[in-house]
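Structural overview
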Amino acid sequence: MKSNVIFAIVRRELGSYFSSPTGYVFITIFIFLSAFAAFWLPDFFDRNLANLDQLNEWFPALLLFLIPAITMGSWAEERKQGTEELLLTLPARDSDLVVGKYLACLAIYTVALLFSVSHVAVLAYLGRPDLGLMASTYFGYWLCGVGLIAVGMAASALTSNLTVAFILGAVLSGIVIGIGKLGMLMPDTALAQFAKALSLPDRFEDFGRGVISAENVLYFVMLAVMGLLANGFLIGRRHWAGSPSEPQRLALGFVRAAAFVVAAGSIVILGSRASARADATAERLWSLSPQTMEVVKAIDPERPVQVTAYVSREAPASYTQTKETLLGLLRELDVAQGGKRIAVRIVETEPYSDEAREAKKTFGIDSRAVAPSPEDRDMNTKQVFMGVAFTNGPRQFVIPFMSRGLPVEYELARSIRAVSAAGRKKVGVLETDAKLFGEFDMQTFSPREDWPIVSELRKQYEVVRVARGQPVPPDVDVLLVAQASSLMPDEFKHVMDYVRAGRPAAIFEDPLPLVNPNIGTSEPRDAGRNPFQRQAPDTRPKADMSQLYALLGVEEKPDVIVRDRYNPRPQMPFEPEIVFVNAGSGGPEPFNLTDPITSGLQEVVLLATGAINRSADAATKLPNVTYTPLMRTSRATQTIKVNDVLQKDFLGTIRGFNSKRQGKDAEPGQVVAARISGALPAEPPNASRAEDQSAPKPGSVNVVLVADLDLISPEFFQLREAGAKEFVLDNVPFVLNAIDVLAGEQSLLDLRKHRPAHRTLTKLDEARRAEQEETERAVTEANRRADEEIARAKAVLTKKVEEIEKREDLDDTGKGILLESVQSAEQRRVDAQAAAIGDRQSEEIADAKARSAKDIGSLQMRIRTAAVLLPPIPAFLLGCVVFTNRRAGEKAGVVKERLR
């Protein structure tokens, strides 16, 4: 190839395109449409995430407009202007012409993409986008152009009409983009799988996740090469069209094309087998972390771990990402440390196959019915295999199904560690009325399963049941206590002895556990009992939690919970009793960033939680005990009495939240979880303890105290397993981190936190918080005025009653009759005034909320308008300058011609 010819053609094409305002018009329209897709649609604000997910969904469709607009004149314009013959007679090969035209079109496309980088600037203004992910996404955008431009040029070579060239370019590009839809017509077939492999959107998907894989890069490169060869064939055909050798040349061309398609497909397949990929995300989500490599290095090479994965050949769209991540990490594990410590076997498994029988018989792995989700093309329920077994000699650990909500790398590393480590520490779970262990349900006459937290701990530790009323066994490394207040005083003594001895404990004490409100700290032992039952009420005393709080130097009111008006998902109206601990809440250090339990966490949800505050005299009485807040509420914090939260009927059955409940403003940043550790001061001799030689010696404390039990309720584990994108919560990691730190097992802490950062639109969050605070002030003021007016009305009634009682001209009977008459009349007036005041109060509150919603809507509209209209302006202005200069040049030429 002659580089001088190629670059001469590039300069000629670029000069021709950018000297005409038409090119700028297309670029301006493209930027406007891409900004519209990225920011105008309502999902952008509903999701509240600083990313380009919406644009990724629409980008292939935008290419159907941009690519033909760029390529339609590449060959068709030459034929239309009659310059094709001159071009083909230049002392250059056809390949030089094709490459020159291609590079010119690619440069134009690149300029259009560079103008659209303003979208990233919009995201940076609104939040904190992952710049590595943005770079990967834009590299994917560019590669899409690399492949489709060659296809569009081939369409231009077929005609001399620009309109026809545009339509043909859109049709051919549409085939490449939409071929994956064939899977909807023929699901579960080899043809559908092949069509999916050829689909451009499926190939782009990894780039949108931050993964740059050799397989996908090769796909776009091969698509471009095939398009360029088609261009060369169509241009070269004009040299020999109509000659006697035309049939032979055509046949040879088709044979070469078929051979190259096979070669290109083979190259792409080899690229997929190589598993070469780069992780561009800031959190390095799609590559093995150093923590995983440390787990692998700890394996004895004389006893390697065998990993057997049974995975369906085709997974539903909702599980595609999980499958690809699982297979990618397994392949990286297979080559880690030269393959000496881990051997990976991946088995494609389908229902009723020999592989399925092997999985069931050997490891108990079976398929799981996966219901279709909105992103699935096939709306039929499928039986999917995605289980992994780990064996190391006699040890075995099995993940029956890798649900899409599970952190894949963490699950793999933890499982490898479970079968390769020499021994596992012991976690004791104390029996309480919370019933974390499954028991027989006398109402349904069926056994209940263990709480998922117990099953989760068994994956890493040896979990034992600690009987209530018995001393904690000495071999227990960590004790988990849920609702210690439900214990009897003599049973609670063993918990106090355990804590006083400085042995590690995770204690969850909730004033109002919504999972079972009847076991709240301040509730009597027989709360929730049907009053019509003949069973005698349970009057046994409950544990006095103030003893524990005094020992730890903290205060937790047993009859008060905290509410939080901060809501990071404004499209979902949550009750304020649902407390979001979120890095973007605006509160004073929502997560402790220096403690290993909470550093790196992004969002935890608590339900009707209590508050743990350090007692005023703790620093004096417990000088060597460290109080470390772990999680705090936001600035919009309130408190409310437990009895005011829920509405109950006359039988004591809970009917939901009390619609008339009102909270009181509290100090922002209430502590809902804390870590208390350190040496206790010397105690005077205790005779009862002296007699018990088996009791541990007092001296220190090491406790993680959490004021919420719902934090570990089964619903949060189910939510995690379901993998809902809207709720990627850290409830489970927080609890496991706490157990790990208490047990001294911190090798998996960083890996457990390894997930995408929750990058919200912080600018919008701040505006929402400000509007919310303004609304709350208006509501508080409306309530205050209403209370004052009602108090004045009641004062009038009280005054009249006092005047009647002071009258001496009436006897007691007369006073009684008059009082009853006045009270009845005045009470009706007070009730009428209260109703009117309540109506005005409701209107004022509704108006305040409406103003807030309107202000937020106006702000969103301003952001939408600016994000959509401002980015196209530079390209538009540049086009206007070019158009003005061109017109001025034309006029100057006309004047000069006339002067001649």
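Before reading further, recall that the structure is shown in the block above.
Description of the overall build of the protein chain
When you go through the protein chain residue by residue, the secondary structure sums to 30 helices and 26 strands. Counting all 900 residues of the protein chain, 48% fall into the buried class. Once local pairs closer than 6 in sequence are excluded, the contacts in the protein chain between residues at least 24 apart make up 77%. Summed over its atoms, the accessible surface of the protein chain is roughly 42700 Å², and 57% of this surface lies on carbon and sulfur atoms.

Some words on the nonpolar core
Counting residues in hydrophobic clusters, the biggest one holds 82 residues, and the most contacted among them are Met-631 and Phe-734. The dominant element in this core, judged by the number of residues it contributes, is helix H26 (residues 731-743), at nine residues. In this structure Phe-734 touches Ile-597, Thr-598, Leu-601, Val-604, Leu-630, Met-631, Ala-673, Val-706 and Leu-711, once residues within four positions along its chain are discounted. With 75 residues, the next largest nonpolar core counts Ala-38, Ala-50, Leu-52 and Ala-767 among its residues.

Some details on the environment of Tyr-352
You can see Tyr-352 is positioned in the loop between strand S4 (342-348) and helix H18 (354-363). Judged by relative accessible area, Tyr-352 falls into the exposed class, the value being 77%. It is 9.8 Å that separates the C-alpha atoms of Tyr-352 and Ser-367, two residues lying 15 residues apart in sequence.

A few points about the sheet that holds strand S16 (residues 560-564)
Spatial ordering of the open sheet is given by S16-S21-S24, a layout of three strands whose pairing is antiparallel. Two strands bound the open sheet, and with one partner strand each, they are S16 and strand S24 (664-665). Where strand S21 (residues 637-641) and S24 come together, two bridges link them in antiparallel fashion. Across the sheet, residue Gln-638 finds its bridge partner in S24, namely Asp-665.

A look at the pairing of strand S14 (residues 505-508)
Residue alternation in S14 divides its side chains into two sets, Ala-505 and Ile-507 and Ala-506 and Phe-508, and both sets are buried. The pairing of strand S13 (residues 478-482) with S14 spans four bridges and is classified as parallel. What sits directly across from Leu-480, in S14, is Ala-506. Traced from S13 through helix H21 (residues 489-500) to S14, the parallel crossover comes out right-handed. Both S14 and strand S26 (residues 700-706) contribute to a ladder of four bridges, which runs parallel. Bridge pairing links Ile-507 to Leu-705 in S26.

Here we look at H18
The set of residues buried in H18 consists of Ala-356, Ala-359 and Phe-363. Burial along H18 is one-sided: seen end-on, the buried residues are contained in an arc of 85 degrees. Of the exposed residues in H18, those oriented more than 90 degrees away from the buried face are Asp-354 and Lys-361. Where H18 is buried, its residues meet strand S3 (305-311), strand S7 (386-392) and strand S8 (395-399). Of the residues flanking the end of H18, it is Gly-364, one or two places downstream, whose phi is positive at about 75 degrees.

Side note on the environment of Arg-79
Residue placement: Arg-79 occurs in helix H5 (residues 76-81). Exposure remark for Arg-79: the relative accessible area of 34% places this residue in the partly exposed category. C-alpha separation for the pair Arg-79 and Asn-161, spaced 82 residues apart in sequence, amounts to 8.5 Å.

Structural notes on the sheet that holds S13
Spatial ordering of the open sheet is given by S12-S9-S13-S14-S26-S25-S20, a layout of seven strands whose pairing is mixed. Every interior strand has two partners, whereas the edge strands, strand S12 (462-466) and strand S20 (625-632), have only one. Between one strand axis and the next, the sheet turns by 20 degrees as a mean value, whatever way the strands run. Where strand S9 (residues 426-430) and S12 come together, five bridges link them in parallel fashion. Within S12, the residue paired with Gly-428 across the bridge is Val-464. Across the sheet, helix H22 (residues 545-552) touches S14, S20, strand S25 (671-679) and S26, and the angle it forms with S26 is around 120 degrees.

Observations concerning the pairing of S8
Two elements, S7 and S8, share five bridges in a ladder whose sense is antiparallel. Its bridge partner being in S8, Phe-390 is matched across the sheet by Phe-397. Hairpin connection from S7 to S8: two residues lie between these consecutive antiparallel strands, with Gly-393 at a positive phi of about 65 degrees.

Describing the packing of aromatic side chains
Scanning the model with the defined rule gives 16 aromatic pairs in all. Between Phe-30 and Phe-59, the ring centres sit 6.3 Å apart and the planes meet at 75 degrees, which makes this aromatic pair edge-to-face. Placement of the pair is Phe-30 in helix H2 (residues 21-40) and Phe-59 in helix H4 (residues 53-71), with a sequence separation of 29 residues. Through pairs of rings, three or more aromatic residues link up here, namely Phe-30, Phe-59, Tyr-138, Tyr-141 and Phe-204. For the cation-ring pair, Lys-101 lies above Trp-75, with the distance from its terminal atom to the ring centre recorded as 5.3 Å. Residue placement shows Arg-465 over the ring face of Phe-437; its charged tip is 4.4 Å from the ring centre.

Topic: empty space enclosed by the protein
If you walk through the whole model with that rule in mind, you get three cavities of 30 Å³ or more. Roughly 50 Å³ of internal volume is contained in the largest cavity. If you go around the largest cavity, the residues you meet are Arg-414, Arg-417, Ala-418, Ala-421, Arg-424, Lys-459, Gln-460 and Leu-748.

Some words on the pattern of salt bridges
In this structure the tally under the stated criterion is 34 salt bridges. In this structure, the salt-bridge partner of Lys-297 is Glu-294, at a minimum N-O distance of 4.0 Å. Taken together, the positions of Lys-297 and Glu-294, both in helix H16 (residues 290-297) and three residues apart, correspond to about one turn of that helix. Among the salt bridges present, the one from Glu-358 reaches Arg-345, with a minimum N-O distance of 3.0 Å. You can see Glu-358 sitting in helix H18 and its partner Arg-345 sitting in strand S4, a full 13 residues away along the chain. Taken together, the salt bridges that share partners define one network made up of Glu-411, Arg-414, Glu-456, Lys-459 and Arg-720.

A few points about H4
Given a rise of 1.5 Å per residue, 19 residues ought to cover 27 Å, and the 27 Å separating the end C-alpha atoms of H4 matches this to within 8%. Its maximal kink placed at Phe-59, H4 deviates by approximately 45 degrees, while the proline Pro-60 follows within four residues.

Some words on a nonpolar patch on the surface
A cluster of nonpolar side chains, Val-25, Ile-29, Phe-32, Leu-33, Phe-36 and Leu-869, forms an exposed patch at the surface whose accessible area comes to about 450 Å². Here the nonpolar patch gets five residues from one element, more than from any other, and that element is H2. Here Phe-32 lies in helix H2. The exposure class assigned to Phe-32 is partly exposed, which follows from its relative accessible area of 32%.

Notes on the side chain of Arg-569
Position of Arg-569 relative to the elements: it lies in the loop between S16 and strand S17 (578-582). A distance of 2.6 Å separates a polar atom in the side chain of Arg-569 from a polar atom in the side chain of Glu-603.

Details of unusual backbone geometry
For residues besides glycine, phi is generally negative; the peptide bonds are generally trans as well. The backbone phi angle of Glu-589 is positive, close to 50 degrees, even though this residue is not glycine. For Glu-589, a relative accessible area of 42% puts it in the partly exposed group. With phi around 50 degrees, Ala-608 is a residue other than glycine that occupies positive phi space. Mapped onto the elements, Ala-608 comes out in the loop between strand S18 (603-607) and strand S19 (613-614).

Each value, and the rule that gives it
- Residues numbered from 1 in each chain as written.
- Predicted model: local features only at pLDDT ≥ 70, side-chain atom pairs only at ≥ 80, totals over all residues.
- Heavy atoms only, no water.
- Helix = DSSP H or I, 4+ residues; strand = E, 2+ residues; numbered from the N terminus.
- Buried < 20%, exposed > 50% of the residue type's maximum accessible area, 1.4 Å probe, protein only.
- Contact = heavy atoms within 4.5 Å.
- Areas by Shrake-Rupley, 256 points an atom, 1.4 Å probe, with all protein chains shown as cover.
- Core = buried A, V, L, I, M, F, W, Y, C linked by side-chain atoms within 4.5 Å.
- Pairing = 2+ DSSP bridges.
- Right-handed = clockwise from strand over helix to strand, strands pointing away.
- Arc of directions from axis to C-beta.
- Axes fitted to C-alpha atoms, helices over the stretch in contact; angles between N-to-C directions.
- Phe/Tyr/Trp six-rings, centres within 6.5 Å; stacked < 30°, edge-to-face > 60°.
- Lys NZ or Arg CZ within 6 Å of the ring centre and 35° of its normal.
- 1 Å grid on protein atoms, 1.4 Å probe; cavity = no way out; pocket = protein on both sides within 12 Å on 5 of 7 lines; lining within 4 Å.
- Points joined across faces, edges and corners; volume = space filled by probe spheres on them.
- Salt bridge = Lys/Arg side-chain N within 4 Å of Asp/Glu carboxyl O.
- Expected span 1.5 Å × (residues − 1).
- Bend = angle between axes of the 7 residues up to and from the residue.
- Patch = residues over 30% accessible without salt bridge, like charges linked within 9 Å, V, L, I, M, F, W, Y side chains within 5 Å.
- Polar contact = N/O pair within 3.5 Å; in protein donor to acceptor, adjacent residues only side chain to side chain.

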